[in-house]
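# Residue-level structure breakdown
Chain residues, written in single-letter form:
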Amino acid sequence: MTTDRMPWRDVAIPRVSSEVSSPVKVVFSDVAYTALLAETYEMIRTETGGVFLGCCHDGIWYILETIDPGPRSVFRRDYFEYDQPYTRHLINKRARLYSHPLTLVGLWHRHPGSFDIFSSTDDGSNASYARLRPEGAISILVNIDPVFRLSVFHVRLDPSGRAAYTQIPYAVGDAHIPDAFRQLQRPEDMLLRIDSYSVRSMGMRRFVAEKSRLLEKTTPACTSGTENAAIRLDPP
């Protein structure tokens, strides 16, 4: 595995227009696009990649997060392999933070030089992703020779079960993503779920007694109205 890294101060982040072309097929959130750029630069001497967490609505693919490939990935100049246990773990962890159901919607990887078509190995990987959902999947190639560029493809299965590609446009910016898709879980809702578990474990009567005792120790100035607030710490 290659560990050679380049200093961040040398990089010039490419500018991307925030204007949405029509028809838009893929929209990156700001953090998802930035994460893709960061991973590309961190492993700029080798191939690298990642997977996408998002959703598809009315023919538009919204990419909310880009998951890094993982510490046990294989990074070479002409070959790349994901740390699949890591990416599965992180996808599930990150998806829990959102109110709207998000799923694995695709993947990306960098190709050496200006080679911007999929290899036969890529075809197999893309087909496996396209089988995960009726809409297919998104697969993106990154090249930095002669300049940085993304080649974005919608992947479906042809009648023989092989990957079939359509190159599509993309846009970047949170403003182009419906608020409902970007909404995180509310802390108060998560606290209610935790409290429900406590009630089932100890019973309502004991739960109410313990909650009251905790609130009696709460510093009034720190009370938020939706949380347990901070517990006052007596000096030693």
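Sequence order as written defines residue numbering, which begins from 1 separately in each chain. Selection of residues for local features in this predicted model requires a pLDDT of at least 70, selection of side-chain atom pairs for listing and counting requires 80 or more, and totals for whole chains, interfaces and linings are taken over all residues. By convention in this description, side-chain values take in all heavy atoms of the structure and omit both hydrogens and water.

### A look at the pairing of strand E7 (residues 137-143)
Looking along a regular strand, one sees side chains alternate from face to face of the sheet. Rules: Throughout, exposure labels follow a simple rule: accessible area from a 1.4 Å probe, protein chains only, divided by the maximum for the residue type, with under 20% read as buried, over 50% as exposed, and the rest as partly exposed. For the purposes of this entry, the term helix denotes a DSSP run of H or I that reaches at least four residues, the term strand denotes a run of E that reaches at least two, and both are numbered from the N terminus. The criterion for strand pairing is that DSSP finds at least two bridges linking the strands in question.
Counting buried positions along E7 gives seven out of seven residues, so the element sits mostly inside the fold. Residues of E7 alternate between two faces, with Ala-137, Ser-139, Leu-141 and Asn-143 on one and Ile-138, Ile-140 and Val-142 on the opposite face, all of them buried. Here E7 runs beside strand E8 (residues 149-157); their pairing, made up of seven bridges, is antiparallel. Paired with Leu-141 across the two strands is Ser-151, which belongs to E8. Taking the residues between adjacent antiparallel strands as the criterion, E7 and E8 are bridged by five residues.

### Some details on the pairing of E8
For E8 and strand E9 (residues 163-167), the ladder comprises five bridges, and the chain directions are antiparallel. Bridge pairing in E9 links Val-155 to Tyr-165. In this antiparallel pair of consecutive strands, E8 and E9, the connection spans five residues, and Gly-161 shows a positive phi of 90°.

### Quick look at the packing of aromatic side chains
Where two aromatic rings form a pair, the distance of their centres and the angle of their planes describe that pair. Selection criterion: Only centres within 6.5 Å qualify two rings of Phe, Tyr or Trp (six-membered ring in Trp) as a pair; their planes then separate them into stacked at under 30 degrees, edge-to-face at over 60, and tilted for everything else.
All chains considered together, the criterion is met by nine aromatic pairs. Between Phe-80 and Tyr-82 the ring centres are 4.6 Å apart and the planes differ by 70°, which places this aromatic pair in the edge-to-face class. Grouping residues by exposure puts Phe-80 and Tyr-82 together as buried. Taking 5.1 Å as the distance between ring centres and 65° as the angle between the ring planes, the aromatic pair formed by Phe-118 and Phe-153 counts as edge-to-face. With a gap of 35 residues between them, Phe-118 in the loop between strand E6 (103-110) and helix H3 (120-130) and Phe-153 in strand E8 connect regions that are remote in the sequence. Here Phe-118 falls in the buried class, since its relative accessible area comes to 12%. Take Phe-153: its relative accessible area is 11%, and that puts it in the buried class. Clustering of aromatic rings is evident, with ring pairs tying together Phe-28, Tyr-33, Phe-52 and Tyr-170.

### Quick word on the pattern of salt bridges
Convention followed: The salt bridge criterion pairs a side-chain nitrogen of Lys or Arg with a carboxyl oxygen of Asp or Glu, the two atoms within 4 Å.
This structure, assessed with the given rule, holds nine salt bridges. Residues Asp-116 and Arg-149 are paired through a salt bridge, measuring 3.4 Å at the closest nitrogen-oxygen approach. In this pair, Asp-116 sits in the loop between E6 and H3 while Arg-149 sits in strand E8, placing the two residues 33 residues apart along the sequence. Assessed through its relative accessible area of 30%, Asp-116 is described here as partly exposed. For Arg-149, a relative accessible area of 23% corresponds to the partly exposed category. Between Asp-179 and Arg-182 there is a salt bridge, and its shortest N-O distance comes to 2.7 Å. Pair noted here: Asp-179 and Arg-182 are both in helix H4 (residues 179-182), with a separation of three residues, about one helical turn. Linked by salt bridges that have partners in common, Arg-186, Glu-188 and Asp-189 make up one network.

### Considering the side chain of Arg-133
Put simply, the rule is: Definition of a polar contact: a pair of N or O atoms within 3.5 Å, with one able to donate and the other able to accept a hydrogen when the atoms are protein atoms, and with sequence-neighbouring residues admitted only if both atoms are side-chain atoms.
Mapping Arg-133 onto the fold places it in the loop between H3 and E7. For Arg-133, the side chain forms a polar contact with the side chain of Thr-103, separated by 2.7 Å.

### Focus on the environment of Ser-125
Here Ser-125 lies in helix H3. Judged by relative accessible area, Ser-125 falls into the partly exposed class, the value being 32%. For the pair Ser-125 and Ala-163, spaced 38 residues apart in the sequence, the C-alpha separation amounts to 8.8 Å.

### Some details on H3
Filter applied, for reference: Throughout, the arc means that of the directions going from the helix axis to the C-beta atoms. Any two residues whose heavy atoms approach within 4.5 Å at even a single point are treated as in contact.
Residues of H3 that are buried include every one of Asp-122, Asn-126, Ala-127, Tyr-129 and Ala-130, and no others. Each buried residue of H3 sits inside an arc of 160° when the element is viewed along its axis, so together they form one side. Residues of H3 that are exposed and angled more than 90 degrees away from the buried face: Ser-120 and Thr-121. Where the residues of H3 are buried, they touch strand E2 (49-57), E6, E7, E8 and E9.

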